[in-house]
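# Breakdown of the fold
Here is how the chains run, residue by residue.
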Amino acid sequence: MAEPDSEAVADAPLYLRVAAALREDLARRRISPGSRLPSERSLSQRYRVNRQTVRSALQLLRDEGLVVTDRRGTFAADEADSEPAAPALTARRPTFPGGPRAAEALVRASLTWEPAPTPLAPRLLLTPGEPTLVHRHTVLGPHGTALQRAVSWFSRPALAEIPQLSRYRRGRDCRQQPDLRLLYHWMHQAGLRITHRESVGVPPGPATTTAGGAARLLVHRVVSDQHGHALEITDIDFSAQSAAWTYEFSA
């Protein structure tokens with residue numbers, strides 16, 4: 001199976017590995033825009049996976065706007081597929097943790113297992129001092145300057161319901177540079193209907209600007225499931241002059 005040479009992808013679920021291989025074929029124009037992809041049966045034989053795995057991979061590529069499906073089959077998206085007149089075809093799920101620009105930039109990320117801050121513990125359905133999975137993510141500028149920092153705490157329901165997170169329990173598989181960009185897709189795959197609530201403000205006190213004079217902004221995000229339980233709480237701190245905080249929503 002052709003796929004990016006990264007430990008994170010190698011450990012990913014099969015449907016993500018199939019999606020990565022097809023994404024590379026699309027990016028390198030081995031599948032040209034507008035052309036029809038092989039059938040589900042052919043893809044399942046090529047990658048030695050079942051058809052449900054292929055369907056999940058194609059659904060992810062549809063969510064990313066890379067392919068479109070109609071009664072004739074699945075086709076590589078072309079320019080016509082991204083016209084503003086058809087927003088339903090191009091709607092994408094949000095990208096964790098800081099939107100598509102952060103996902104495409106140079107980043108440093110890590111996972112640890114540690115207690116959440118005391119005020120957050122009840123919202124995450126944790127007892128005070130109880131450890132949970134914590135994701136730290138820094139977006140770097142061209143010269144290595146930190147443009148955006150994000151810290152995310154995951155709740156007990158998130159670790160119980162999302163298989164891709166549960167494998168990190170108790171730090172057993174916490175590794176440097178974890179790839180959690182597809183977190184919200186994983187939530188969808190787990191049958192969770194999620195709501196996002198963000199608050200944007202400035203930090204209290206004198207440290208409201210960076211050393212270069214740019215304004216600092218803080219984003220506080222709470223992602224909850226259909227029962228109102230918090231799944232993830234994230235704080236993002238960024239420079240408004242040198243980094244744009246972009247976040248996409250799906251209907």
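Quantities reported herein were computed from a predicted structural model and do not represent experimental measurements.

### Side note on the overall build of the protein
On a plain count of helices and strands, the protein comes out with nine helices and eight strands. Sorting the 251 residues of the protein into buried and exposed places 42% on the buried side. In the protein, the share of contacts with a sequence separation of at least 24, taken over all contacts with a separation of at least 6, comes to 60%. Carbon and sulfur atoms make up 51% of the accessible area of the protein, which totals about 13500 Å².

### Side note on unusual backbone geometry
The backbone of Arg-29 shows a phi angle near 60°, a positive value even though the residue is not glycine. When you line up the elements, Arg-29 lands in the loop between helix 2 (14-27) and helix 3 (40-47). Under the relative-accessibility criterion, Arg-29 is labelled exposed at 57%. In this structure, Arg-48 is a non-glycine residue whose phi angle is positive, near 55°.

### What about the sheet that holds strand 5 (residues 146-154)?
In spatial order, the strands read 3-4-5-8-7-6; together these six strands make up an open sheet with antiparallel pairing. The outermost strands of the open sheet, each flanked by one partner alone, are strand 3 (107-115) and strand 6 (195-201). Going from strand to strand, the sheet's axes swing by 15° on average, the running direction of each strand aside. Sheet analysis places strand 3 next to strand 4 (residues 131-140), joined by nine bridges and oriented antiparallel. For Ser-110, the partnering residue across the bridge sits in strand 4 and is Arg-136.

### Examining the packing of helix 2 against helix 3
Axis angle and axis distance: for two packed helices, these are the angle between their axes and the distance between the axes, and together they describe the pair. Packing of helix 2 against helix 3 brings their axes to within 11 Å, and their N-to-C directions diverge by 105°. In terms of orientation, helix 2 lies roughly perpendicular with respect to helix 3. Each of Val-18, Ala-21, Leu-22 and Asp-25 in helix 2 lies in contact with helix 3, whose residues at this interface are Leu-43, Arg-46 and Tyr-47. In the contact of helix 2 with helix 3, the residues fall into five nonpolar, no polar and two charged.

### Description of the confidence of the model for the protein
When pLDDT is averaged along the protein, the result is 77; 71% of the residues meet or exceed 70. Predicted confidence for residues 1-11 stays below pLDDT 50, and this span has 21 contacts to residues more than four positions away or in other chains. With pLDDT under 50 throughout, residues 80-92 is counted as low confidence; its partners more than four residues away or in other chains account for 14 contacts.

### A look at the nonpolar core
By size, the foremost hydrophobic cluster in this structure holds 37 residues, and its most contacted members are Leu-22, Leu-133, Phe-154, Leu-165, Leu-180, Leu-183 and Met-187. Sequence-distant contacts of Leu-22, that is, excluding residues within four places in its chain, are made with Ile-31, Leu-43, Tyr-47, Leu-58 and Leu-61. Counting residues in hydrophobic clusters, the runner-up holds 10 residues, among them Ala-121, Leu-124, Val-134 and Ala-230.

### What to know about helix 3
Leu-43, Ser-44 and Tyr-47 are the residues of helix 3 that are buried. Taken around the axis of helix 3, the buried residues stretch over an arc of 100°, which confines them to a single face. Exposed side of helix 3, more than 90 degrees from the buried face: Arg-41 and Gln-45 are the residues found there. Contacts made by the buried residues of helix 3 are with helix 2 and helix 4 (51-63).

### Remarks on the pattern of salt bridges
Scanning the entire structure with this criterion turns up 11 salt bridges. The salt bridge partner of Asp-70 is Arg-72, with a shortest N-O separation of 2.8 Å. With a shortest N-O distance of 3.1 Å, Arg-136 and Glu-114 are connected by a salt bridge. Placement of the pair is Arg-136 in strand 4 and Glu-114 in strand 3, with a sequence separation of 22 residues. Exposure remark for Glu-114: the relative accessible area of 24% places this residue in the partly exposed category. What you see here is one network of salt bridges that share partners, running through Glu-24, Asp-25, Arg-28 and Arg-30.

Cut-offs applied
Residues numbered from 1 in each chain as written. Predicted model: local features only at pLDDT ≥ 70, side-chain atom pairs only at ≥ 80, totals over all residues. Heavy atoms only, no water. Helix = DSSP H or I, 4+ residues; strand = E, 2+ residues; numbered from the N terminus. Buried < 20%, exposed > 50% of the residue type's maximum accessible area, 1.4 Å probe, protein only. Contact = heavy atoms within 4.5 Å. Areas by Shrake-Rupley, 256 points an atom, 1.4 Å probe, with all protein chains shown as cover. Pairing = 2+ DSSP bridges. Axes fitted to C-alpha atoms, helices over the stretch in contact; angles between N-to-C directions. Parallel < 35°, antiparallel > 145°, perpendicular 65-115°, else oblique. Nonpolar A, V, L, I, M, F, W, Y, C, P; charged D, E, K, R; others polar. pLDDT = per-residue confidence, 0-100. Core = buried A, V, L, I, M, F, W, Y, C linked by side-chain atoms within 4.5 Å. Arc of directions from axis to C-beta. Salt bridge = Lys/Arg side-chain N within 4 Å of Asp/Glu carboxyl O.

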